[in-house]
Each structure stands twice: as structure tokens, then as C-alpha cells.
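# Structure assessment
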Amino acid sequence: MSKITTIEQALEFVQDNMTVMIGGFLGVGTPERLVDALVIKGTKNLIGIANDTAMLDKGVGRLVVSRQLKKAVVSHIGTNPETGRLMNAGELEVELIPQGTLAEQIRAGGAGLGGILTPTGLGTIVAEGKEVIKVDDREFLLEKPLKADVALIKAHTADTAGNLIFYRSARNFNPLMAMAAKVVIVEAENIVEKGQINPDHVVTPGIFVDWIIKG
Amino acid sequence: MSKITTIEQALEFVQDNMTVMIGGFLGVGTPERLVDALVIKGTKNLIGIANDTAMLDKGVGRLVVSRQLKKAVVSHIGTNPETGRLMNAGELEVELIPQGTLAEQIRAGGAGLGGILTPTGLGTIVAEGKEVIKVDDREFLLEKPLKADVALIKAHTADTAGNLIFYRSARNFNPLMAMAAKVVIVEAENIVEKGQINPDHVVTPGIFVDWIIKG
Amino acid sequence: MNAKTIIAKRVALEFEDGYVVNLGIGIPTLAADFLPTDVSVILQSENGFLGLAPLGGLVAEVDLVNAGGKSVSIMPGGAVFDSAMSFAIIRGGHVDVTVLGSLEVDQEGNLANWMVPGKLVPGMGGAMDLVSGAKKVIVAMEHTTKDGNPKILKKCTLPLTGKGVVNFIITNLCVFEVTPAGLLLIETAPGVTVDEVRTNTVAEFVIAPHVCTMPII
Amino acid sequence: MNAKTIIAKRVALEFEDGYVVNLGIGIPTLAADFLPTDVSVILQSENGFLGLAPLGGLVAEVDLVNAGGKSVSIMPGGAVFDSAMSFAIIRGGHVDVTVLGSLEVDQEGNLANWMVPGKLVPGMGGAMDLVSGAKKVIVAMEHTTKDGNPKILKKCTLPLTGKGVVNFIITNLCVFEVTPAGLLLIETAPGVTVDEVRTNTVAEFVIAPHVCTMPII
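Residues numbered from 1 in each chain as written. Chains lettered and ligands numbered in written order. Predicted model: local features only at pLDDT ≥ 70, side-chain atom pairs only at ≥ 80, totals over all residues. Heavy atoms only, no water.

## Some details on the relation of the copies chain B and chain A
- Superposing chain B onto chain A takes a rotation of 180 degrees plus a shift of 0.0 Å along the axis, which leaves an RMSD of 0.0 Å. The relationship between the two copies is best expressed as a two-fold rotation axis.
- Comparing contact sets, 100% of the residues at the interface of chain B also lie at the interface in chain A, consistent with an isologous, same-surface contact. (Least-squares fit on C-alpha atoms with pLDDT ≥ 70 in both. Contact = heavy atoms within 4.5 Å.)

## Observations concerning the interface of chain B and chain A
- Across the boundary between the two partners, chain B contributes 25 residues, which contact 25 residues of chain A.
- Taking both sides of the interface into account, the surface hidden between chain B and chain A amounts to around 2100 Å²; carbon and sulfur atoms contribute 48%.
- Linking chain B with chain A are six salt bridges.
- With its nearest N and O atoms 2.7 Å apart, the salt bridge here joins D136 of chain B to K144 of chain A. (Buried area = accessible area lost by both parts, 1.4 Å probe. Salt bridge = Lys/Arg side-chain N within 4 Å of Asp/Glu carboxyl O.)

## So, the confidence of the model for chain C
- Here chain C shows a mean pLDDT of 95. Residues at 70 or above account for 98%.
- Under the prediction, the complex receives an ipTM of 0.97, its pTM being 0.98. (pLDDT = per-residue confidence, 0-100.)

## Regarding the interface of chain A and chain D
- Each side of the interface is counted separately: chain A has 36 residues, and chain D has 36 residues.
- Summed over both sides, the interface of chain A with chain D buries roughly 2800 Å², with 63% coming from carbon and sulfur.
- Sorting the residues of chain A by area buried against chain D places Q99, R168 and S169 of chain A first, and these three jointly supply 19% of that buried surface.
- Inspection of the chain A/chain D interface yields one salt bridge.
- Put simply, E61 of chain D and R168 of chain A hold a salt bridge, and the shortest N to O gap is 3.2 Å.
- At the junction of chain A with chain D, the criterion picks out 17 residue pairs in polar contact (both at pLDDT 80 or more).
- Taken together, the elements giving at least two residues each to the side of chain A that touches chain D come down to α5 (99-111) and α6 (174-177) of chain A. (Polar contact = N/O pair within 3.5 Å; in protein donor to acceptor, adjacent residues only side chain to side chain. Helix = DSSP H or I, 4+ residues; strand = E, 2+ residues; numbered from the N terminus.)

## Regarding the side chain of K9 of chain D
Residue and element names in this part refer to chain D.
- You can see K9 is positioned in helix α1 (residues 3-12).
- One buried charged side chain, K9, makes no salt bridge at all; its nearest oppositely charged neighbour is D33, positioned 11 Å away.
- From its side chain, K9 meets the backbone oxygen of I217 in a polar contact 2.4 Å long.
- Aside from chain neighbours lying at most four places away, what touches K9 is M1, F34, I216 and I217. (Buried < 20%, exposed > 50% of the residue type's maximum accessible area, 1.4 Å probe, protein only. Lys, Arg positive; Asp, Glu negative; His and termini not counted.)

## A word on the sheet that holds strand β10 (residues 168-170) of chain C
All names here are of chain C.
- Within the open sheet, the 10 strands sit side by side as β4-β3-β2-β1-β5-β8-β10-β11-β12-β13. Their pairing is mixed. With one partner strand each, in any of the chains shown, β4 (74-80) and β13 (205-213) form the two edges of the open sheet. Averaged over all pairs of adjacent strands, the angle between strand axes in this sheet comes to 25 degrees, irrespective of strand direction.
- Strands in contact with helix α1 (residues 3-12) are β5 (97-100), β8 (136-140), β10, β11 (174-179) and β12 (182-188); relative to β10, the strand with the most contacts, it is inclined by about 145 degrees.
- Helix-sheet contacts for helix α3 (residues 83-91) involve β1 (20-23), β2 (42-45) and β3 (49-52), and the interaxial angle to β2 is about 125 degrees. (Pairing = 2+ DSSP bridges. Axes fitted to C-alpha atoms, helices over the stretch in contact; angles between N-to-C directions.)

## Considering the pattern of salt bridges
- Scanning the entire structure with this criterion turns up 39 salt bridges over all chains.
- Where R198 of chain C meets D195 of chain C, a salt bridge forms, and the shortest distance between an N and an O atom there is 3.9 Å. In this pair, R198 of chain C and D195 of chain C both sit in helix α5 (residues 194-199), three residues apart, roughly one turn of the helix.
- With relative accessibility at 53%, the residue D195 of chain C sits in the exposed group.
- Connected via shared salt-bridge partners are E104 and R107 of chain A together with E104 and R107 of chain B.

## Points about the packing of aromatic side chains
- Summed over all chains, the structure comprises four aromatic pairs over all chains.
- Where F13 of chain A meets W211 of chain A, the ring centres are 5.8 Å apart and the plane angle is 25 degrees; that geometry is what we call stacked. With F13 of chain A in the loop between α1 (7-11) and β1 (19-22) and W211 of chain A in strand β11 (residues 211-214), the pair connects residues that are 198 residues apart, well separated along the chain.
- Ring geometry for F176 of chain C and F205 of chain C: centres 5.1 Å apart, planes at 55 degrees, overall tilted. In this pair, F176 of chain C sits in strand β11 while F205 of chain C sits in strand β13, placing the two residues 29 residues apart along the sequence.
- Look at F176 of chain C and you get buried, because its relative accessible area is 0%.
- Under the relative-accessibility criterion, F205 of chain C is labelled buried at 15%. (Phe/Tyr/Trp six-rings, centres within 6.5 Å; stacked < 30°, edge-to-face > 60°.)

## Topic: the pairing of strand β8 (residues 148-159) of chain B
All names here are of chain B.
- With respect to burial, β8 is a largely interior element, 10 of its 12 residues being buried.
- The pairing of strand β1 (residues 19-22) with β8 spans three bridges and is classified as parallel. Bridging across to β8, V20 finds its partner in V150.
- As judged from the 10 bridges shared by β8 and strand β10 (residues 181-192), these two strands associate in the parallel manner. By the bridge assignment for β10, A148 is matched with A181.
- The pairing of β8 with strand β9 (residues 164-165) spans two bridges and is antiparallel. For T157, the partnering residue across the bridge sits in β9 and is I165.
- Counted between consecutive antiparallel strands, the loop separating β8 from β9 contains four residues, among which G162 sits at a positive phi close to 95 degrees.

## Quick word on the packing of α5 of chain A against helix α3 (residues 83-91) of chain D
- One can describe the packing of α5 of chain A onto α3 of chain D by two numbers: an axis separation of 9 Å at closest approach and a directional angle of 125 degrees. As the angle between them shows, α5 of chain A and α3 of chain D are arranged oblique. Handedness of the crossing formed by α5 of chain A with α3 of chain D: left-handed. Here Q99, G100, T101, A103, E104 and R107 of chain A of α5 of chain A come into contact with α3 of chain D, specifically with S83, A84, F87 and R91 of chain D. (Parallel < 35°, antiparallel > 145°, perpendicular 65-115°, else oblique. Left-handed = near helix turned anticlockwise from the far one by under 90°.)

## Let's talk about the sheet that holds strand β7 (residues 111-112) of chain D
Residue and element names in this part refer to chain D.
- Reading across the sheet, the three strands line up as β7-β6-β9 and stay open at both edges, with mixed pairing between neighbours. The open sheet is flanked by β7 and β9 (152-153), the only strands paired with a single partner.
- Bridge count between strand β6 (residues 104-106) and β7: two bridges; the pairing is antiparallel. Its bridge partner being in β7, E104 is matched across the sheet by A112.

Right, dumping it as C-alpha cells:
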């Protein structure tokens, strides 16, 4: 069965109230065509997990502006004034997580780990309400794994088996999110035949990828 | 300062009683020239961390035969009868660890995490004496991070900045160990100029690598 | 048909098209040779790649071995990764089926295949992660030891590889499903009677209402 | 020399040849322009690469931005990775120095730079990981706010980015080392007196026996 599909078919898997991971760092590495289509589709009450809420007109920021998120789980919202405005108005819940913790929580979700033990955030409000675990007399915060119903991923090249490679800093959270969601939808700039990518160059193995659309 | 050196210079960093990580899986991906030289050097009482003790005449197995290890931290010893014999004779301590746990413990050592939470080994003797952590009503074993004084790494190609790429299943534990040791010594089949490896293809960034010898 | 072939052929029927499968050394590996023509699976090798080619397929490559150390080759569309990623795939539930041999298995789904105290201690390798992480765990083994002693027990006597992890036991005599209520005999091998299974099994088991003959040719 | 240049030039002296360095947005980033000619550092960008080229160097590339979202380029010998690896590098102690701006810093080495409750909540981004993981943490900022209010306090009033994590505070007026006993004034900027530092600093500090002028030109 081919993994290559249309954007409409792929977005059938994104429904109201779902948790959606979206790759990208300030919009770089975000699958913009998938975001375009998701805005048009108008799916509501999503929990969005992403590094940041990018800009008003770019990346994850557009789902903030379109009011499709009920909650944003991110490390940074400073580049999108609408996120802060909606948060202060009580119209958007924002959970801020240190970037390295967020990355590792998503990896843990995909890797079947029970959580992560990190020194990051100890002694700050990030630690409030969280369990502190002592290992050899050093303290670490227990942060839980993150998973999603759907991940929207941007790749530079996909082969028909779903193997992915990324370009420069557009890699960021994409390979991690591809491991942590039930359904993984990839927007690939280039699609090549199976066997065209050197197995040593593959960053995300094809088994993680469910659907591919041409970006 | 150049990272390229001689095997003798590099092995100055391996001293008696140190903990040494050695890449490879049944010898594939083990830096054999470094092991050769380490056998000749005769450094003693080492704690070896590796996937397995390979074969009598191959990979980590040779350090077992030469009696240079006081302890082996590995997932498998079945292919090297000498390991079992020395263990039963009380001449070699062997700590057996599930392969996925071992890999993740080494990664945690390099990544500054306090340990890992894994379901692997629950209800088995692997869990004996270890802390069990409950996360959302599921139980996980807390396994501590692993670090080493020195890592001996095999790469397919290194550039002069220390960036590494690996070939096929010779990758295995090598990139993980390169992150978790104070001194990282790489045996590279090929050495190229800085800039000759596409930054997107680098598996182990050069900052982890201290010394390179030609393999 | 010899015992190994019976087991391997029956195991192969557990695979659906597109499944990600990890096969242990020995009989489990043979299963890949008996896939139905309309089924293709992706073999994971825990030493660090996906797309392991069935034995006897492509030409073996330098620096490419399976988890048993045997030279193998990689299929088009394969992918190579480090050991942490390999076990992220396994532990994270991204392997659909793992098939392992065993020294002992019991009616609670416990499995022991990594050591015989004082005698043989090969180590667990990747087995503990595989049984805790794969979506479906199949034990594939001859029903009894070479000496005819039962291996399917009320309770394992050897140190466990995993507790309550086995879903199916496939032997040269029969197929057991491991249910919350215990073992359920769902199939017998061609020419094998339920009594024969009973004689060679220490574990208690229930006979399924529609126990049938293994659909292998 | 303006305030920013003083700070950037002084920060640059903290770098040794071969250091792995992560520079925050703003003044910290400027430090890369003032490296001594015999010192070259490797810049880490927490969005996923090593070998960030100093601004104004090579031509900016498609899909390559720094952690501030600005188009940049990568040096020969650079390496790209995902965000988990990026923070494995940071958290794992593989970054020698991180330089960050701050809203407040105090005499216990606490640092607050990610939110002003009810006003401005940009989020911590990678800052909390950087201050907890880098071998040396330098706060580089103007000594007071635009309104002349002190930023170096007895105790931070804003939510912390890290507790007891700062090693050096470098401002346009002076350099403080954070010691277990508190702040130690080790240098003043050219033309700045100790009294001037005292007037603009709320935190208690000890004056080093050999306090000297910043060795910048």
C-alpha cells in the first residue's frame, strides 16, 4: 500500500480535540502546506505540541491566530504576540516547558521510556508539583513522556517507504515527533523511490511514517 | 591543534583501573587496531563497557583473553567461552544488562540525564536491588547513567574536526559511547579534510572526539 | 515436514503485510522463508537496522551482520541507526511481532531464555527489551527438550526474561494462546492429537471450542 | 566604546581556543565578533547544529537559522542534529561556555530572564537547559535597566531561570565572579570606579584584592 496520498486524505486523521505535534523552530521545518490545509479544515480544540508558536503568519502561529488550539505545549511564545494575548485573556492554555526537556519528553514518548530525569528547571517554577528523584545524591526532576494522536512533519526528502532525511536546521523536532505519534503525516519537498536514499543517511526510518504528501 | 595522532599517543589516555567503553557488536564496529595496541600495552584492571565480549580472537573478546578486564558490563557473553569460564572461576566480574537498557544508560550518561525509566527487566532478576518508579500507575525500573574515562570508537570516516560517519551495522554503540566518555579515541578507516562531510550526514559531531587514528 | 519447518511455517502465518518483525536466532529466523506471497514484512535487526534481507537473498555486505553476527544484506528502503534508536523502536512499541526461542515458558506467559544458573549464562542481549516492548510476543520452539522433557510449565524454574509477556506459543505440536485465564489450545499440528499435547505439556491449558489443525501446507 | 561593545569585548576574553560556546540573542551574540585572532570557538545553535558562522560571514542558507530565527550559515566542519541531540550536548556538559542576557541576577548566582508575570512571558526556550548544563555560565548585560534601575540584586524578584547557576556577570561597568561566598568584584570597565559600581548595584559584593581594569582595547 502506498504511503503517498493527498493532503485532504491525510488530514482526515486530524479530528477535533486531538493532540497534534508539529515540527519546526520559529517556522523553519514546519510543514506549511499541512498547516495551510489544517487552517482551511478548521479542526478545533486541538492540543498543539511544538517548540514554539512561531509568528502570526508563519508555522504553528497560524493555528493560534485561527483559534484552533485550546492548549499549546511549547518552550517559547515570544515571537507571536497573539499567543500571549489569548493566554492572558484566558482563551488559550499555554504550558511552557524548557526546550531540552520538551525534546527529551517527546523522545521518551516514542522510545517507551517512563519519563526523563533532568536537572533542568530544579529550583524554578517549572519544578512545581513535580516529583524530584534522587540518584546518587543528585536531584532530578521527573518529567513525563509526551505522545500525540498525530504528528505533522516536514522533511527534505522522503522515499516511498517513508524513510526521511532533513535539511539543515529544518530537522529540529521533526525526527522526534515522528516517533511519538499514532499517525505520522509527512510533507516532503522531494519524494524518491525506495532504495534511492543511502540507508546510512536515513534520519527517520520509514516504519514511523504513515502518510506522505508532496510539499 | 590537530586531533590526528598516533596509536601510541592516543593510548596514553588509557591507564590501569580506568573504565573504558568499546564500540562494536560481536566485533563488528570494534576498533580492532586500538584493541590490538591495548593488548600489547597490557593495561590492567579495566572496567569494560561494551555490548558483548565478542569472540576469543575478535573485538572486546581479546581483552577478556588477555585478562585485562576486572569487570565487563555487557548484554551478552555467549559467543566467548572464556568470559563464562573466568566469570565462573571468580576471575572476572560480569554485569549483564539488557541491551536496550545498556544503550540508553550510555546515552543518558552523555546527555546529562539522571538515569532512565524503563519497563525492561521488571519482574526479573535484573530488577533486584533497583528502585522502581511509578509514573501514572505504570511501573518502571530506574537505571543509572553510565560514563567512562575513555571510549574507543570505530568510524568509517572522520574529518579533521572529528565529525564521524559510520558504515552499516558497524554503527551500533559507537555514537552513544562517543558522548559518554571523558576522552574519545576514534579509529577511522578514512580521514578527510574538515568540510568534506555534509553537515546533514554527520552522526557524531566533532566536539565529542578528542583523538583520531587511521584504522 | 520436520519439527523446525512446522514451527517456522506456522509462525509465518502470524505476519500481516507491512508488519515490523524481529526474529530471534534459530527457528524464528526461518519463519521469514515461509511468508505467504502476498505478505511482505520489514525485518528489524536489533544491532541497528531495518530492512534485513532474508537469508540467501542478496549478497552479504561488509560490516553488516544480523543480531547473531552472521553476514547479511539490507533491502532497498532499509535504514541504519545506533543502538539507542534500535531499542527506542523496540521498547517504544514500534515492532509488531517478535519471535523468540525459549528454554522454558509457563501458563502465566512468563518466559525464560537467557540463563541456566551455574551452567550456561549467555546473557539476555536484546531479548528482555523485545519481550517488554513488542506488540505481540511469540515463543517459537520445539515442544520438548531433546531429551523429551517438557518446556511448557506451570511455572518457569529458570530466571525470567520477562514476566507475563508471551502472547502465543508455537511448537511442532500445537499453538497456545496465552490469555488472562491461562493457556488456550487453539491448534494442533497435522497428525497431532490433543492427548499427545497433553502428555508433553506440564502447564494446565484449556482446549478451545473449535480447536483446529494448523493451516500449514 | 559603547556599553554593548564593552560587554561583548570583555565576554570574548573568556573564550579559549577550541571552546564550544552557545551565545544568547543580543549582546552575547556580538561577542563572537571580538575573538582574539589566535582563538577560534565552535558556536552551538540550540535549534540543532554546531558550526554556526559569525554574523556577516558566509552567505545565509535556506532552512538554516540561528536560535533567534535569523538566517545564518554553517562553517566547514559543522554538524546538524535533532533537538534531542542538541540538548544532550547542552545538558550533558559538552558546552564549555554559555553567555546569556538577563532581566535580573543576584548574589547567589540566581538568574531570571524568561518572564515578567502578568506582563511579558516569552518562555524559557533553551535557557533553562543552557544554565543547568553548560560548564560555565556568563551573564552578559548592561549593568542597569534603561531607566537606571539595578539588575544585580540581593535576591531575584522574577521567576528564576536557574538557581545558583551563574559563574560570571559581565556588564558595561564591571566583572563579578560568583563565588560560594557571594559576588567578588574582579574588574571594572575602563574609567569606571568601584564607587560607581557600588551605586548601581543592590547586591552585596566583596572587592577582590587586586581588582583591575578590564583588559579590553
